[in-house]
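# Descriptive analysis of the structure
Below are the chains, spelled out letter by letter.
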Amino acid sequence: MPPETGDLRIVAPRLNLLNLQLLNLNLSLTPTSMSVITVPLEPISPTRSGQLVVFTGPSGVGKGTLLRSVLPHHPQLHLSVSATTRSPRSGEVDGQHYYFVSRSVFQEWVTTEQLLEWAEYAGNYYGTPRQPVVEQLEQGKTVILEIELEGARQVRQTFPDALQVFILPPSLPTLEQRLRGRSQDSPESILKRLERAKVEIAAAGEFDVQIVNDSLDQAIVALETVLFSPDRRESDQLQDDRLQDDQLQNDQLQNDRGEESQDNPDAL
Ligand code: ADP
Ligand code: 5GP
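What counts, and where the lines are drawn
- Residues numbered from 1 in each chain as written.
- Chains lettered and ligands numbered in written order.
- Predicted model: local features only at pLDDT ≥ 70, side-chain atom pairs only at ≥ 80, totals over all residues.
- Heavy atoms only, no water.
- Helix = DSSP H or I, 4+ residues; strand = E, 2+ residues; numbered from the N terminus.
- Polar contact = N/O pair within 3.5 Å; in protein donor to acceptor, adjacent residues only side chain to side chain.
- Contact = heavy atoms within 4.5 Å.
- Near = heavy atom within 4 Å.
- Areas by Shrake-Rupley, 256 points an atom, 1.4 Å probe, with all protein chains shown as cover.
- Axes fitted to C-alpha atoms, helices over the stretch in contact; angles between N-to-C directions.
- Left-handed = near helix turned anticlockwise from the far one by under 90°.
- Pairing = 2+ DSSP bridges.
- Core = buried A, V, L, I, M, F, W, Y, C linked by side-chain atoms within 4.5 Å.
- Buried < 20%, exposed > 50% of the residue type's maximum accessible area, 1.4 Å probe, protein only.
- Salt bridge = Lys/Arg side-chain N within 4 Å of Asp/Glu carboxyl O.

Mapped onto the fold, R89 is located in the loop between β5 (83–84) and β6 (99–100). A polar side-chain atom of R89 sits 3.0 Å from a polar atom in the side chain of D185. Discounting chain neighbours no more than four positions away, the residues touching R89 are R182, Q184, D185 and R193.

Right under this line is the structure:
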């Protein structure tokens, strides 16, 4: 597990993303060469207001596996517990893996706006309880929402600053193998999930970051780099500052022009 401060040196295959050919879903990823990246790591400060992270990818791609590997090492990360109308899988605990609720309770939570986002997926409803997310963000935590595409799109509207991460499988056959190998869903549910996977993968480009979960170890390093690199926030801030500077310059120009045209009514 990498340190939480200092520099992290990553040696990783440079993926040729053009090979993704997302539109026809040929996901063969070719490592073209090895790259060495040095990333300064800083812990996310508990004093600044928390960051929302949307974590999306097709069912079976390994989202849960990745989060279970990363979360125990970083107490500043908080995984939101969703509500769902689907039945618990063996080993799933109410209030820990999900809040397992009836359709009528779910409907009530939608009506009373207790959900930050929600969607129907493979015949069941899934949604993020709003209050715990707000509380954790207020405490400066980084809150992770592990949600499907429609929910991610809703969060993009309501929290445009959220970091949006998409997890890709190395290929569709590998995704199917993982879904079947997990032995947790019925054959019908697996088919629905695979159908939905094609739509979700085609939308991967909407997200800020795409990580291919081929080698689990490399995907863990990539995810930690994305979560802990200050680069994104710094570049966002730089961009905001630049936009503000541009706006100030425009205002100044318009003022100057206004004064000129008062002095000289023929001036443009
Ligand atoms: P998700 O949460 O995205 O639905 P899971 O985390 O349940 O997916 O993973 C689905 C299956 O794939 C699990 O059996 C898991 O052990 C396996 N898996 C996850 N990541 C990898 C990987 N990098 N290589 C091989 N198998 C993996
Ligand atoms: P599963 O049934 O495999 O646990 O989850 C199915 C899908 O629902 C996954 O893609 C998962 O990310 C998504 N999901 C889980 N919780 C939520 C949620 O609160 N909102 C939305 N929109 N999707 C969720």
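Before going further, it helps to spend a moment on the site of ligand 2. Looking at ligand 2, there are 17 residues lining it, with R86, Y98, Y126, E146 and R193 nearest. Take Y98: an N or O atom from its side chain is 2.5 Å from an oxygen atom of ligand 2. Within the backbone of G127, an N or O atom sits 3.0 Å from an oxygen atom of ligand 2. If ligand 2 stood free it would expose 510 Å²; the protein chains cover 96% of that surface. Listed by contribution, the elements that provide at least two residues to the shell around ligand 2 are β7 (115–121) and β8 (124–129).

What follows deals with the packing of helix α5 (residues 172–182) against helix α6 (residues 187–202). For the pair α5 and α6, interaxial distance at closest approach is 11 Å and the crossing angle is 145°. In this structure, α5 meets α6 at a crossing whose hand is right-handed. Where α5 abuts α6, its residues L172, L175, E176, L179, R180 and R182 lie against I190, L191, R193, L194, A197, K198 and I201.

Turning to the sheet that holds strand β3 (residues 52–56), a few remarks are in order. With parallel pairing, the five strands of this open sheet are ordered in space as β4-β9-β3-β10-β11. A single partner strand is all that each edge strand has here, and the edge strands are β4 (77–79) and β11 (209–212). Taken over all neighbouring pairs, the strand axes of this sheet differ in orientation by 25° on average, direction set aside. Strands β3, β4 and β9 (142–146) of the sheet are contacted by helix α3 (residues 130–138), whose axis makes an angle of about 150° with β9. Relative to β3, helix α4 (residues 149–158) is tilted by about 155°, and along the sheet it contacts β3, β9 and β10 (163–168).

Quick look at the nonpolar core now. One finds L52, F55, L145 and V155 to be the most contacted residues of the largest nonpolar core, which totals 44 residues. One finds A83, V101, L115 and Y125 within the second-largest nonpolar core, a separate group that totals five residues.

Now for the sheet that holds β8. Overall, mixed pairing links the four strands, which are arranged β6-β5-β8-β7 in an open sheet. Only two strands of the sheet have a single neighbouring strand rather than two, namely β6 and β7. Note: β5 against β8, two bridges, orientation antiparallel. By the bridge assignment, A83 is partnered in β8 with G127.

Here we take up the pattern of salt bridges. For the structure on display, the rule yields eleven salt bridges. Here E92 makes a salt bridge to R89, at a shortest N to O gap of 3.8 Å. Overall, the relative accessible area of 19% leaves E92 in the buried class. Looking at R89, the relative accessible area reads 16%, which means it is buried. Here E150 makes a salt bridge to R153, at a shortest N to O gap of 3.2 Å. With E150 and R153 both in helix α4 and three residues apart, the pair spans about one turn of that helix. A single network of salt bridges, built from pairs that share partners, joins R86, R89, E92, R182, D185 and R193.

One non-glycine residue with positive phi stands out, namely A122, at about 50°. Note that A122 resides in the loop between β7 and β8. For S183, which is not glycine, the phi dihedral falls at a positive 50°. Here S183 shows up in the loop between α5 and α6. Under the relative-accessibility criterion, S183 is labelled exposed at 59%.

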